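# Topology and contacts: notes
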Amino acid sequence: MSTQPTYAELAPLPAYADQPVPTAFEDINGYLNVRHYLGIGSEGLDESLAELGIPWNWPVADGHACLSAEHHVRYLHELKTGDQMSVRVRLLGRSERAAHALVYLLDDTNERLACVFEEIFLHVLVEPRQTAPWPGAIAEAMDKRIAEHDGLGWQPATSGCLALR
């Protein structure tokens, strides 16, 4: 597997879900329980998508939704209760009905990458609950963000097991 980007490479990206690891999320060892990594990362991904025209209330407001189709999660370092953490998102690509992203959970206290997950998510119409092409303005915003991320100066390390179809 390829080398993951460094903290210094990721830190300039916009920070989402910026918060300390709460005591309520700790496991018996005093670290972030494994079940919360994906939730915090997903929260950060959702925040990043709002900037592209996909608000948190999209299903209710407009009858559209984003649904996760696949994930690949890699844990690199533990986050301890009280550590400051944040999420960075890199969009890799999109197809007519799906998008491919890398979501990085950073340990800002120790300046390192704690977890990375790769995700394929789909654009879905709430009724009749089926995939549909991305709305034009959102597709354009995604394409612009993908182009910006392509120019970051470092290559993303993917799992190799997820791809757009």
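Placed above this text is the structure.
Structure report, in brief. (Residues numbered from 1 in each chain as written. Predicted model: local features only at pLDDT ≥ 70, side-chain atom pairs only at ≥ 80, totals over all residues. Heavy atoms only, no water.)

## With respect to the overall build of the protein
When its secondary structure is counted, the protein shows four helices and six strands. Put simply, the protein runs from its N terminus to its C terminus through helices and strands in the order α-β-α-α-β-β-β-β-β-α. Taking 165 residues into account, the globule formula puts the C-alpha radius of gyration at 15 Å, and the protein, at 16 Å, falls close to it. Here the C-alpha coordinates of the protein stretch approximately 45 × 35 × 25 Å along the principal axes. (Helix = DSSP H or I, 4+ residues; strand = E, 2+ residues; numbered from the N terminus. Rg over C-alpha atoms; globule rule 2.2 N^0.38 Å.)

## Observations regarding the packing of aromatic side chains
Think of a pair of aromatic rings as described by two things: how far the centres are apart, and how the planes are tilted against each other in angle. All chains considered together, the criterion is met by three aromatic pairs. Between Tyr104 and Trp154 the ring centres are 6.1 Å apart and the planes differ by 75°, which places this aromatic pair in the edge-to-face class. Here Tyr104 is found in strand β4 (residues 98–107), whereas its partner Trp154 is found in the segment after α4 (136–150), with 50 residues between them in sequence. Residue classification places Tyr104 among the buried positions, given a relative accessible area of 0%. A ring pair is formed by Phe121 and Trp134, whose centres lie 6.0 Å apart and whose planes are at 80°; its orientation type is edge-to-face. Of the two residues, Phe121 is situated in strand β5 (residues 112–125) and Trp134 in the loop between β6 (130–131) and α4; the sequence distance between them amounts to 13 residues. Here Phe121 matches Trp134 in class, with each residue buried. The aromatic ring of Trp154 is capped on one face by Arg90, whose charged end is 4.5 Å from the ring centroid. (Phe/Tyr/Trp six-rings, centres within 6.5 Å; stacked < 30°, edge-to-face > 60°. Buried < 20%, exposed > 50% of the residue type's maximum accessible area, 1.4 Å probe, protein only. Lys NZ or Arg CZ within 6 Å of the ring centre and 35° of its normal.)

## Quick notes on the nonpolar core
If you look at the biggest cluster of nonpolar residues, it comprises 29 residues, and the most contacted ones within it are Leu32, Leu79, Val87, Leu105, Phe121, Trp134 and Met142. If you list the elements that add at least two residues to this core, you get β1 (16–20), α2 (34–50), β3 (84–94), β4, β5 and α4. Excluding its chain neighbours within four sequence positions, the residues that come into contact with Leu79 are Val21, Tyr31, Leu32, Tyr37, Met85, Leu105, Leu106, Asp107 and Ala114. Tyr7, Leu10, Leu102 and Trp154 belong to the second-largest nonpolar core, a separate cluster that totals ten residues. (Core = buried A, V, L, I, M, F, W, Y, C linked by side-chain atoms within 4.5 Å. Contact = heavy atoms within 4.5 Å.)

## A word on empty space enclosed by the protein
Unoccupied space between atoms shows up once a probe the size of one water molecule is rolled over them. Evaluation of the coordinates by the stated rule reveals one cavity of 30 Å³ or more. The calculated volume of the largest cavity comes to roughly 50 Å³. What lines the largest cavity is a set of eleven residues, among which Gln4, His72, Val116, Ala157 and Ser159 lie closest to the centre. At the level of elements, β2 (64–75) and β5 are the ones that each hand at least two residues to the lining of the largest cavity. In terms of residues, the lining of the largest cavity owes the most to one element, β5, which gives three residues. In the lining of the largest cavity, the residues fall into five nonpolar, four polar and two charged. (1 Å grid on protein atoms, 1.4 Å probe; cavity = no way out; pocket = protein on both sides within 12 Å on 5 of 7 lines; lining within 4 Å. Points joined across faces, edges and corners; volume = space filled by probe spheres on them. Nonpolar A, V, L, I, M, F, W, Y, C, P; charged D, E, K, R; others polar.)

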